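Chain residues, written in single-letter form:
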Amino acid sequence: MAVFKLNDRVFYVGAIHNERRVFDQLIPLPDGTTYNAYVIRGSDKTALIDTVDPEKREDLFKNLEELGVEKIDYVIANHAEQDHSGSIPFVLERYPMAKVVTNEKCKNFLKDLLHLREEDFITISDGEELSLGDRTLKFVFTPWVHWPETMVTFLEEDGILFSCDFFGSHLARTIPFIEEDPRVIEDAKRYYAEIMMPFRPTVRRNVDKVKALNPMIIAPSHGPVYKKPEIIINAYLDWTSENVKNQVVLPYVSMHGSTKVMVDYLIDRLTENGIEVFPFDLSVTDIGKLAMTLVDSATLILATPQFLGGAHPLAVYAAFLVNVLRPKLKYIGLVGSFGWGGMMVEQIKGLVSNIKAELIEPVLIKGLPDAESIRSLDSLVENVIKKHGEAGLL
Ligand code: FEO
């Protein structure tokens, strides 16, 4: 990635990681990612906003060299996670006069994670400003827009909000700016679902907090820079709202086809009643797509065969993910096929204890459903239609 100019004083110096395919050894990255860092040249001081994953630090240094940055006064650490902070020790080595500017919590994380020293830091408080001469940075704490220490930095004179993970997307682009692009919002939704959704109420409060700054540009630390901030702010306002859609997300696993017969029946009956269904075969699905669909679905129905006395491990994994991602589901159902007794219902109920959704009566069918036994799913379908109707979704 080359250097890109946001304006005469602000430059993109980050790194593209087009070939990266997994984050946290868990999250699929079908579109790669970027680690965005920015240089701000004030009349007196120069600041670097965040760094890059240490694996890509040479890209950062190449960009700093290309830009002719001989002195960095401040390295602003908006977030301690290593994909942004991991190159700070290398930056301090190359620019020994630089100080890391961050909040108390982030400072402590950076000491733990990177073994930085107390004397490396300038500690700031919420709302504090830092002058670069004719440019001013304002620090606004936004806890839990990923970790407890997360904050954003606002360049007041230019109206640029450096939001780090907040509003980001895992999307590698060689030109890091967008005005309007549904693809970016799609990837930002995936990012929200995987990273931000567990903290939805807090994220909502922080959206309101940064919206009040009235940014002209939002420059996150993953994915493209938003030249029209209202696009991503409005998307976040929708995702973090209480609104759900008239849709059922249906993750399923079927070993010998019996549960799949139930899944197909559910899809047909719900669809013919005007409810959109999003089935996910858990043996092959991209969990990011499942997470995205959970952002605004009203109902989850998990479909699993019985496996060694409980649900299939893939269904257990899906239930665990739903529980930690904490989507705003209103209703949860469980269906499946079994051969003999088991504890599937109790197990899944226990796994989704974080979710404040109403549990719809489960339907379990012995063996391969036939024309008669499959009708036992009708009560569940009627229940979903009734609930969606009562919620004003139909
Ligand atoms: Fe992109 Fe929470 O780090």
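All figures in this text were calculated on a predicted structure; none of them were measured in a lab.

### Observations regarding helix H12 (residues 378-390)
A rise of 1.5 Å per residue sets the reference length of H12, with its 13 residues, at 18 Å; its end C-alpha atoms lie 18 Å apart and thus fit the reference within 8%. Three or more residues of H12 are buried, namely Asp378, Leu380, Val381, Val384, Lys387 and His388. The elements touched by buried residues of H12 are strand E19 (245-252), helix H8 (258-272), strand E21 (297-303), strand E24 (331-338), strand E25 (358-359) and strand E26 (363-366). Positive backbone phi, approximately 75 degrees, marks glycine 392, located one or two places after H12.

### Digging into the nonpolar core
Side chains that are nonpolar tend, in soluble globular proteins, to be buried together. Counting 59 residues, the largest nonpolar core has Phe166, Phe167, Tyr226, Ile232, Tyr236 and Trp239 as its most contacted members. Broken down by element, this core gets its largest block of residues, 8 residues, from helix H5 (residues 182-196). For this core, the domains that each give at least three residues are domain 1 (4-239) and domain 2 (249-389). What tryptophan 239 contacts, discounting residues up to four positions off in sequence, is Ile185, Ala188, Lys189, Tyr192, Arg200, Ile232, Val295 and Lys328. Ranked by size, the runner-up nonpolar core spans 30 residues in total, among them Val3, Tyr35, Leu116 and Trp147.

### Focus: the packing of H8 against H12
Running from amino to carboxyl end, H8 crosses H12 at an angle of 40 degrees, the nearest separation of the two axes being 10 Å. As judged from the angle between their axes, H8 and H12 are oblique. When the axes of H8 and H12 are compared, the crossing they make is right-handed. Note on element contacts: H12 touches H8 through Asp378, Leu380, Val381 and Val384, opposite Tyr265, Leu266, Arg269 and Leu270.

### Side note on the pattern of salt bridges
Considering all chains together, one arrives at 27 salt bridges under this definition. Here lysine 111 makes a salt bridge to glutamate 118, at a shortest N to O gap of 2.3 Å. A relative accessible area of 25% places lysine 111 in the partly exposed class. Assessed through its relative accessible area of 40%, glutamate 118 is described here as partly exposed.

### Some points on the domain arrangement of the chain
Under the domain assignment used here, the chain contains domain 1 (4-239) and domain 2 (249-389). Distance between the C-alpha centres of domain 1 and domain 2: 39 Å. Across the boundary between the two partners, domain 1 contributes 14 residues, which contact 15 residues of domain 2. On the domain 1 side of the interface with domain 2, the three residues burying the most area are Lys189, Arg190 and Met197, jointly 40% of the side's total. Inspection of the region where domain 1 meets domain 2 yields 2 salt bridges. We note a salt bridge from lysine 189 to aspartate 296, for which the minimum N-O separation is 3.1 Å.

Conventions adopted
Residues numbered from 1 in each chain as written. Predicted model: local features only at pLDDT ≥ 70, side-chain atom pairs only at ≥ 80, totals over all residues. Heavy atoms only, no water. Helix = DSSP H or I, 4+ residues; strand = E, 2+ residues; numbered from the N terminus. Expected span 1.5 Å × (residues − 1). Buried < 20%, exposed > 50% of the residue type's maximum accessible area, 1.4 Å probe, protein only. Contact = heavy atoms within 4.5 Å. Core = buried A, V, L, I, M, F, W, Y, C linked by side-chain atoms within 4.5 Å. Domains from an automatic or database assignment. Axes fitted to C-alpha atoms, helices over the stretch in contact; angles between N-to-C directions. Parallel < 35°, antiparallel > 145°, perpendicular 65-115°, else oblique. Left-handed = near helix turned anticlockwise from the far one by under 90°. Salt bridge = Lys/Arg side-chain N within 4 Å of Asp/Glu carboxyl O. Buried area = accessible area lost by both parts, 1.4 Å probe.

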